[in-house]
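# Breakdown of the fold
Chain by chain, the residues:
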Amino acid sequence: MNQRIARTPSSGADAENLAESLRALFEQGVETLGALRSKVSTIRDVTQRGSQLVDSATALVEKRPLASVAAAFGIGYIAMRIQTSKLTPLLVMGGLAYLGVQRLSRT
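In short, a report on the structure.

Calculation notes
Residues numbered from 1 in each chain as written. Predicted model: local features only at pLDDT ≥ 70, side-chain atom pairs only at ≥ 80, totals over all residues. Heavy atoms only, no water. Helix = DSSP H or I, 4+ residues; strand = E, 2+ residues; numbered from the N terminus. Buried < 20%, exposed > 50% of the residue type's maximum accessible area, 1.4 Å probe, protein only. Areas by Shrake-Rupley, 256 points an atom, 1.4 Å probe, with all protein chains shown as cover. Salt bridge = Lys/Arg side-chain N within 4 Å of Asp/Glu carboxyl O. Patch = residues over 30% accessible without salt bridge, like charges linked within 9 Å, V, L, I, M, F, W, Y side chains within 5 Å.

With that out of the way, let us pick up the overall build of the protein chain. Of the regular secondary structure elements, the protein chain holds three helices and zero strands. Helices and strands in the protein chain line up, N terminus first, as α-α-α. By residue count, 1% of the 107 residues in the protein chain fall in the buried class. Working note: accessible area of the protein chain is about 10,300 Å², and carbon and sulfur atoms make up 64% of it.

Quick look at the pattern of salt bridges now. With the rule as written, the count across this model stands at one salt bridge. Here arginine 23 ties to glutamate 20 by a salt bridge, and the two come within 3.0 Å at their closest N and O atoms. Taken together, the residues span about one helical turn, with arginine 23 and glutamate 20 both in helix α1 (residues 12-63) at a distance of three residues. Relative accessible area serves as the criterion here: at 47%, arginine 23 is assigned to the partly exposed category.

With that settled, the discussion passes to a nonpolar patch on the surface. A cluster of nonpolar side chains, namely Phe73, Tyr77, Ile78, Met80 and Ile82, defines an oily patch on the protein surface of about 540 Å² accessible area. For tyrosine 77, a relative accessible area of 44% puts it in the partly exposed group.

Spelled out as structure tokens, the structure:
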């Protein structure tokens, strides 16, 4: 008793509207594909640049291993001293307050 009625375009205007909707959807898909290609290209460039930087850092470490270890130790020591300093929270809060005031003064 429950019959499905197939709907067909009753006039040429309905068919034209459907065709126009499909064209718009296709154009939107083409634009999205172009944007994705651009992003993939950007990601590829970034990964290639990152790979070049890793290779140059590796070459530098292989060329000067003692200097690299000393630099890493020095950077780690300074970072540890900054992190364990009692002044660090005060300096961070002061820096954030300064940035907030600077931002408010621009508007």
